[in-house]
Protein chains: 2
Amino acid sequence: MPHIPVSPHLPGITGLLEYRQDTAEPIRALTQLILRGPGTLTFAEREMIATVVSQANECQFCTAAHAAVTDVLLGESETCELIRADVESAPISEKMKSLLQIAKQTQRGGQYVTESAISRAKNAGATDLEIHDTVLIAALFCLYNKYVDGLGTALPDDPVYFQHLGERIAVSYGRRPEGYEKPLV
Amino acid sequence: MPHIPVSPHLPGITGLLEYRQDTAEPIRALTQLILRGPGTLTFAEREMIATVVSQANECQFCTAAHAAVTDVLLGESETCELIRADVESAPISEKMKSLLQIAKQTQRGGQYVTESAISRAKNAGATDLEIHDTVLIAALFCLYNKYVDGLGTALPDDPVYFQHLGERIAVSYGRRPEGYEKPLV
């Protein structure tokens with residue numbers, strides 16, 4: 001039962017963005033820029049960051065939603081499952097592993113981001129902007145996770161809800177769910 | 001030493017907002033709305049929420065900055081010091097104590113916000129919107145704190161820096177540091 005009267009038809013973040021629409025606007029704008037704007041990290045890579053941070057914060061709504069988007073963008077669900085189980089042994093690049101570790105350290109607390117994690121990312125070819133964006137995506141999902149759970153929003157129990165949500169969000173990336181990932185820029 | 005090349009003259013959040021200006025815009029817009037926009041919580045009360053959350057996240061830059069703003073808005077520094085030491089015995093209303101506890105639970109994790117903390121706030125006269133805004137301010141400062149510390153930004157060692165910053169921010173609330181708190185609406 002949500003702590004405030006949000007629409008019962010709008011679970012998780014969706015009801016909150018409807019509840020206070022003026023604050024929803026810059027939250028949506030920031031998300032659009034950092035997840036779906038120009039950048040050298042692929043859209044799927046940015047969604048992986050959102051997923052691992054949401055999972056670390058134990059936010060079931062955001063974890064299910066962004067894992068679903070990642071799956072749609074990659075066209076398979078195994079990679080995201082393996083990342084969620086263990087970043088280091090997942091079938092992703094060394095750069096992406098290092099950025100996901102920075103994201104996880106940021107989730108724990110900004111002061112836990114280590115010099116060695118930053119060096120590892122730079123050695124693996126991560127740019128300063130990619131490191132910046134990784135930390136900002138992690139910080140943004142801490143906002144989302146705490147907003148969604150702090151107000152006790154509803155969690156749909158039908159996995160089809162998240163599959164459809166993932167497809168809807170993936171379309172907003174400028175690609176059809178059935179196609180290959182194609183950056184907007 | 002910051003993890004990315006931000007301007008050495010711009011410590012804490014200030015260098016990050018300069019580093020990536022497109023994402024800075026919605027972050028500033030959200031902050032302006034939720035901290036300085038129309039609302040029934042006073043500006044000082046909203047700054048108290050920002051301060052206790054930043055302190056719980058151990059973000060020295062944000063804690064010093066928002067404690068300084070609170071002090072300027074209240075015209076004294078004792079109240080904020082007492083809140084930072086112990087919310088329950090601080091000289092603030094029961095409603096404000098209950099909202100600060102919700103903010104602290106949100107900082108720990110959204111799922112830690114208890115029904116009893118929400119009931120306490122409602123019994124003390126907090127509106128649904130005040131509860132919403134408390135959680136969103138807490139969530140926003142988790143973003144700020146993790147962004148600032150996750151990128152290893154500089155912390156000024158001169159307390160005068162924060163006093164001046166507090167005065168500059170307080171002026172943006174539509175009041176002079178030397179005047180009484182006067183909401184914009």
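All of the points below concern the structure found in this document. Quick caveat, the model's predicted, so the values are computed rather than measured.

Our next topic: the interface of chain B and chain A. Each side of the interface is counted separately: chain B has 43 residues, and chain A has 43 residues. Both faces considered, chain B and chain A share a buried interface measuring about 3,600 Å² in area, 66% of it formed by carbon and sulfur atoms. The tally of links from chain B across to chain A stands at two salt bridges. A salt bridge links Arg 20 of chain A to Asp 133 of chain B, with the shortest nitrogen-to-oxygen separation between them at 3.0 Å. Along the contact surface separating chain B from chain A lie 14 residue pairs in polar contact (both at pLDDT 80 or more). Elements with a contribution of two residues or more to the side of chain B that touches chain A: helix 2 (21–36), helix 6 (94–108), helix 7 (115–123) and helix 8 (128–150) of chain B. Looking at which element gives the most residues to the side of chain B that touches chain A, the answer is helix 8 of chain B, with 15 residues.

Right, let's get into the state of the cysteines. Here the structure, examined in full by the defined rule, presents zero disulfides over all chains. Looking at the unpaired Cys 80 of chain B, the closest cysteine sulfur is the one in Cys 62 of chain B, lying at 14 Å. On the basis of relative accessibility, which here comes to 3%, the residue Cys 80 of chain B falls in the buried class. Looking at the unpaired Cys 142 of chain B, the closest cysteine sulfur is the one in Cys 142 of chain A, lying at 6.9 Å. A relative accessible area of 0% places Cys 142 of chain B in the buried class.

Attention shifts here to unusual backbone geometry. Residue and element names in this part refer to chain A. Positive phi values are uncommon outside glycine, yet Glu 58 reaches one of about 55°. Here Glu 58 shows up in the loop between helix 3 (43–56) and helix 4 (60–74). Accessibility expressed as a relative area gives 56% for Glu 58, which makes it exposed.

So, about the relation of the copies chain B and chain A. Superposing chain B onto chain A takes a rotation of 180° combined with a translation of 0.0 Å along the rotation axis, leaving an RMSD of 0.0 Å. Read as a symmetry element, the transformation amounts to a two-fold axis. Distance from the rotation axis, computed per C-alpha, reaches its smallest value in chain B at Pro 26 of chain B: 2.3 Å. Most of the interface of chain B is mirrored in chain A, where 100% of its interface residues again form contacts.

So, on to the packing of aromatic side chains. All names here are of chain A. For the coordinates displayed, the defined rule picks out eight aromatic pairs over all chains. When the centroid spacing of 6.2 Å and the interplanar angle of 55° are considered together, the rings of Phe 61 and Tyr 161 count as tilted. A residue pair is termed long-range when its members are at least 10 positions apart, and Phe 61 in helix 4 and Tyr 161 in helix 9 (residues 159–171) qualify at 100 residues. Aromatic pair Phe 61 and Phe 162: ring centres 5.3 Å apart, planes at 65°, arrangement edge-to-face. Taken as a pair, Phe 61 in helix 4 and Phe 162 in helix 9 lie far apart in primary sequence, 101 residues in all. For Phe 162, a relative accessible area of 8% corresponds to the buried category. One aromatic cluster is present, formed by Phe 61, Tyr 161 and Phe 162 through successive ring pairs. Its end group placed over the ring of Tyr 112, Arg 108 keeps NZ or CZ at 3.9 Å from the ring centre.

What follows deals with the side chain of His 66 of chain A. Residues and elements named next belong to chain A. Relative to the helices and strands, His 66 is located in helix 4. Overall, His 66 belongs to the buried group, its relative accessible area being 9%. Only 2.6 Å separates the side chain of His 66 from the side chain of Glu 47, close enough to count as a polar contact. Setting aside its immediate chain neighbours within four residues, His 66 contacts Leu 35, Glu 47, Ala 50, Thr 51 and Phe 141.

Residues and elements named next belong to chain A. With 15 residues, helix 6 (residues 94–108) extends 21 Å from end C-alpha to end C-alpha; this agrees with the ideal 21 Å at 1.5 Å per step. Counting buried positions along helix 6 yields 11 of 15 residues, so the element is predominantly enclosed. Within helix 6 the residues assigned to the buried category are Lys 95, Met 96, Lys 97, Ser 98, Leu 99, Leu 100, Ile 102, Ala 103, Gln 105, Thr 106 and Gln 107.

Rules of the game
- Residues numbered from 1 in each chain as written.
- Chains lettered and ligands numbered in written order.
- Predicted model: local features only at pLDDT ≥ 70, side-chain atom pairs only at ≥ 80, totals over all residues.
- Heavy atoms only, no water.
- Contact = heavy atoms within 4.5 Å.
- Buried area = accessible area lost by both parts, 1.4 Å probe.
- Salt bridge = Lys/Arg side-chain N within 4 Å of Asp/Glu carboxyl O.
- Polar contact = N/O pair within 3.5 Å; in protein donor to acceptor, adjacent residues only side chain to side chain.
- Helix = DSSP H or I, 4+ residues; strand = E, 2+ residues; numbered from the N terminus.
- Disulfide = S-S within 2.5 Å.
- Buried < 20%, exposed > 50% of the residue type's maximum accessible area, 1.4 Å probe, protein only.
- Least-squares fit on C-alpha atoms with pLDDT ≥ 70 in both.
- Phe/Tyr/Trp six-rings, centres within 6.5 Å; stacked < 30°, edge-to-face > 60°.
- Lys NZ or Arg CZ within 6 Å of the ring centre and 35° of its normal.
- Expected span 1.5 Å × (residues − 1).

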